[in-house]
Amino acid sequence: QEGSAYFNLKEIAAAEESMRKSVELSSGHYPEALFLLAGLLNNTNRPSEAETLSRQGVAIDAASWHGHIELARALSALKQPEEAEKSAIQARNLKPENPQIYLILANIHIQRRDYAALLKDLGVYLKLVPAGPEADQARKTQEVLQAEMQKAQAQPQPNEQPQSNEREQPKSNEQPRSNEDEQSHQSSEPDPSWLPPLPPPQPQQ
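Residues numbered from 1 in each chain as written. Predicted model: local features only at pLDDT ≥ 70, side-chain atom pairs only at ≥ 80, totals over all residues. Heavy atoms only, no water.

**Topic: the overall build of the protein chain**
Inference 1: When you go through the protein chain residue by residue, the secondary structure sums to 10 helices and 0 strands.
Inference 2: The secondary structure elements of the protein chain, listed N-terminal to C-terminal, are α-α-α-α-α-α-α-α-α-α.
Inference 3: The proportion of buried residues among the 205 residues of the protein chain is 38%.
Inference 4: Taking all contacts inside the protein chain whose residues are at least 6 apart in sequence as the whole, residues at least 24 apart take part in 57%.
Inference 5: Just so you have it, the protein chain exposes about 12800 Å², and 49% of that area is on carbon and sulfur atoms. (Helix = DSSP H or I, 4+ residues; strand = E, 2+ residues; numbered from the N terminus. Buried < 20%, exposed > 50% of the residue type's maximum accessible area, 1.4 Å probe, protein only. Contact = heavy atoms within 4.5 Å. Areas by Shrake-Rupley, 256 points an atom, 1.4 Å probe, with all protein chains shown as cover.)

Next up, the structure:
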């Protein structure tokens, strides 16, 4: 409770000290202390340690959405989107009404370039939180994504050849494009803007 109080007062160093003391006194068997400390570490850009603590807490209480959400945040920051997605989905299944889970999933799906899933994440989030700074950014990302997808649909596919009365002959000094070059060309489109950093998780009452 002391750590939570310091956390709400934005005295991060004191909050971390108290949370670590809670973990120590409980011999690492009190999962909420582990999850709160993991959240603090995620917020201060220490995802490796946050991952370790989150996994430790989830091993004790696998039914805690809080543990899965912190693990997803840590794994996403560590650029492990596939594993992060699994944890975020578990958090969503445990607490589907929590809007922050959909922001986490949105960031993960941006990493994975799964734009269909990203649109669903943003749609659900905006239903839960229709107004506010994060909603404005989510809506902007949604609009950018929809515009990019419409642009991509309007472009000719790589295997479509323009119709012509005469077959074009390759230039003598032109080299055929390799598969790697083709993939690089197709992935050169910029990704939608990242959503803003997630707010600190609120201490559990």
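Don't stop here, the text continues.
**Considering the nonpolar core**
Inference 1: Of all hydrophobic cores here, the largest spans 24 residues; its most connected members are Ile69, Ala88, Ile104, Leu118 and Tyr125.
Inference 2: Of all the secondary structure elements, the ones that give two or more residues to this core are α5 (65-77), α6 (81-94), α7 (99-112), α8 (115-128) and α9 (133-154).
Inference 3: Broken down by element, the residue count for this core peaks at 8 residues, all from α7.
Inference 4: In this view, Ile69 contacts Ala91, Ile101 and Ile104; residues no more than four positions away in its chain are not counted.
Inference 5: If you look at the next biggest cluster of nonpolar residues, it comprises 14 residues, including Phe7, Ala33, Leu41 and Leu53. (Core = buried A, V, L, I, M, F, W, Y, C linked by side-chain atoms within 4.5 Å.)

**Considerations on unusual backbone geometry**
Inference 1: A positive phi angle, close to 55 degrees, is found at Ser27, a residue other than glycine.
Inference 2: A relative accessible area of 53% places Ser27 in the exposed class.
Inference 3: Even without a glycine there, the phi angle at Lys79 is positive, about 60 degrees.
Inference 4: Here Lys79 lies in the loop between α5 and α6.

**Considering the pattern of salt bridges**
Inference 1: A full pass over the atoms with the stated rule returns 10 salt bridges.
Inference 2: When the shortest N-O distance is used, the salt bridge between Arg20 and Glu49 registers 2.8 Å. Of the two residues, Arg20 is situated in helix α2 (residues 12-25) and Glu49 in helix α4 (residues 47-60); the sequence distance between them amounts to 29 residues.
Inference 3: Notably, a salt bridge pairs Glu83 with Lys86, separated by 3.3 Å at the nearest N-O pair. Taken together, the residues Glu83 and Lys86, both in helix α6 and 3 residues apart, mark about one turn of the helix.
Inference 4: When its relative accessible area of 51% is taken as the criterion, Lys86 is described as exposed.
Inference 5: Residues joined in a network through salt bridges with shared partners are Glu16, Arg20, Arg46 and Glu49. (Salt bridge = Lys/Arg side-chain N within 4 Å of Asp/Glu carboxyl O.)

**Some details on the packing of helix α3 (residues 31-43) against α5**
Inference 1: Following both chains from N to C, one finds α3 and α5 inclined at 25 degrees, their axes separated by 9 Å at the closest point. Relative to α5, the element α3 is oriented roughly parallel. Between α3 and α5 the crossing geometry is left-handed. For the pair α3 and α5, contact is made by Glu32, Phe35, Leu36, Ala38, Gly39, Asn42 and Asn43 and by His66, Gly67, Glu70, Arg73 and Ala74, respectively.
Inference 2: Taken together, the residues of the contact of α3 with α5 sort by class into 4 nonpolar, 5 polar and 3 charged. (Axes fitted to C-alpha atoms, helices over the stretch in contact; angles between N-to-C directions. Parallel < 35°, antiparallel > 145°, perpendicular 65-115°, else oblique. Left-handed = near helix turned anticlockwise from the far one by under 90°. Nonpolar A, V, L, I, M, F, W, Y, C, P; charged D, E, K, R; others polar.)

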